[in-house]
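# An overview of the molecular structure
The residues making up each chain are set out below.
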Amino acid sequence: MAALPPGFLARALNRIKPSPTLAMTQKSRELKAAGRDVIGLAAGEPDFDTPDNIKDAAIAAIKRGETKYTNIEGIPELRAAIARKFKRENHLDYTPAQCFVGPGGKSVIYNAMMATLNEGDEVIVVAPYWVSYPDIVLLAGAKPVVVETRLEDGFRLTPDALDAAITKNTKWIIFNQPSNPTGACYTREQLKALTDVLLKHPQVWILSDDMYEHLIFGGFKFHTIAEVEPKLYDRTLTMNGVSKAYCMTGWRIGYCAGPLPLIAAMAKLQSQSATNATSISQWASVEALDGPQDFLPGFRRVFEGRRDLVVSMLNQSNGIECPVPEGAFYVYPSIRKLIGTRTPQGKPIATDEDFANELLNAEGVAVVHGAAFGLSPFFRISYATSDTVLEDACGRIQRFCGSLH
Ligand SMILES: Cc1ncc(COP(=O)(O)O)c(C=O)c1O
């Protein structure tokens, strides 16, 4: 491969790294293609197919000729469906004009950050965090301020830690629950304690990433920031998407709602980048949001069963402590008791990255190490796969942990 001329690449690229979760997913795919017996538990996507009514809506849209550019902010029908969704499920009043559609939830977050951040701005990111938040902030030329949570607090941000992280330069906090990677979720009271802190700091805006809202277990009730504290409505961007709840990761639709001037700024940016999200996927998303929601309880039940299976098997593994998450489809077990051990071949487990690499080498199980999410020593398992595969994978993890000494 010919080298690029010196200075050819953007300096901004040096500030970021490729997504570690996508890298691990790709590595396990390559090993599988090369004939290795690999179980991939790194990818963050449901294993279910997109429901048929949603696929049919897309096919009908193609046949009707809905195959042209759309409005930058999204088709009016989808923006209206998003406004209805926020009213129905979150008790939030947004007009369709306040609703914005982009090609995936990631793109919506990227767009909000690029449209608002300047050098010197700080963005609070709660660790362990979804891998893309700090890098998006860095790309936008601002500074991610990482606030760590503790396993002992259920990986929840505490009001004191939030207050201590805020400075006069804080422009945003990106707040995600149920969390990727821990599955942690907050009660209304826990959220109120955080919004009370945010009320004291009028310079701070809130990006509420509610992507896993529908994946919540055991009767836990989801609440979003602008609903819990209406006084924060004017500085909150409530963000969501169809990728996880409706098994539509490949369709690339994310959305948000917020104050009109922010939406206008995001539309200006999107007019000079993606233009619009795919017309066909937008029509499919109208059906996802407005159509029958009755598959969701079954979907949740399956995920809850898998969560219980994985948590129980991991807690029976030598040296692993796995808390029970309230939502999403991830667990984030601690391996602090295994740091300092060695594999039977004498390879040291000094970090969670060593653990993930040696687990892949020894047993062919691909997980993502905690450092990728900003909190060690842990690893993340995505349990969006069948019980049989999960039992096999957890059995291999038990064997691997048992072999460390
Ligand atoms: C917390 C969180 N937010 C946003 C996204 C982005 O979703 P999308 O696939 O719609 O870009 C993801 C995807 O993994 C996620 O885990």
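Given the structure is predicted, the values throughout are model-derived calculations rather than measurements.

## Some details on the overall build of the protein
Along the protein, the regular secondary structure elements total 13 helices and 14 strands. Whereas a compact globule of 405 residues would reach a radius of gyration of roughly 22 Å, the protein reaches 21 Å, a difference of no more than 12%. Each principal axis of the C-alpha atoms in the protein carries an extent, and together these give about 60 × 55 × 50 Å. Taken over 405 residues, the protein has a buried fraction of 55%. Here the analysis covers contacts within the protein between residues at least 6 apart in sequence; of these, 75% occur between residues at least 24 apart. As presented, the protein carries roughly 17000 Å² of accessible surface, and 55% of it is formed by carbon and sulfur atoms.

## Details of the packing of helix 12 (residues 352-363) against helix 13 (residues 387-403)
Contact geometry for helix 12 and helix 13: axes closest at 10 Å, N-to-C directions at 110°. Here helix 12 lies roughly perpendicular to helix 13, going by the angle between them. Contact with helix 12, carried on its side by Phe355, Glu358, Leu359, Ala362 and Glu363, involves Arg396, Ile397, Arg399, Phe400 and Cys401 of helix 13 and no other residues of that element.

## Some points on the sheet that holds strand 6 (residues 205-209)
The seven strands are arranged 2-8-7-6-5-3-4 in an open sheet whose pairing can be described as mixed. Here the strands that pair on one side only, and so sit at the sheet edges, are strand 2 (99-102) and strand 4 (143-148). Geometrically, the sheet is characterised by an average inter-axis angle of 20° between neighbouring strands, direction not taken into account. Sheet topology places strand 6 next to strand 7 (residues 236-241); four bridges connect them, and they run parallel. Bridge pairing in strand 7 links Ser208 to Thr238.

## Notes on unusual backbone geometry
A cis amide bond, omega 0°, links Ala127 with the succeeding residue Pro128. Along the chain, Pro128 falls in the loop between strand 3 (122-127) and helix 5 (132-139). Of note in this structure, Cys247 is not a glycine but carries a positive phi near 55°. Taking the relative accessible area as the measure of exposure, Cys247 reaches 7% and is therefore buried.

Basis of the calculations
- Residues numbered from 1 in each chain as written.
- Predicted model: local features only at pLDDT ≥ 70, side-chain atom pairs only at ≥ 80, totals over all residues.
- Heavy atoms only, no water.
- Helix = DSSP H or I, 4+ residues; strand = E, 2+ residues; numbered from the N terminus.
- Rg over C-alpha atoms; globule rule 2.2 N^0.38 Å.
- Buried < 20%, exposed > 50% of the residue type's maximum accessible area, 1.4 Å probe, protein only.
- Contact = heavy atoms within 4.5 Å.
- Areas by Shrake-Rupley, 256 points an atom, 1.4 Å probe, with all protein chains shown as cover.
- Axes fitted to C-alpha atoms, helices over the stretch in contact; angles between N-to-C directions.
- Parallel < 35°, antiparallel > 145°, perpendicular 65-115°, else oblique.
- Pairing = 2+ DSSP bridges.

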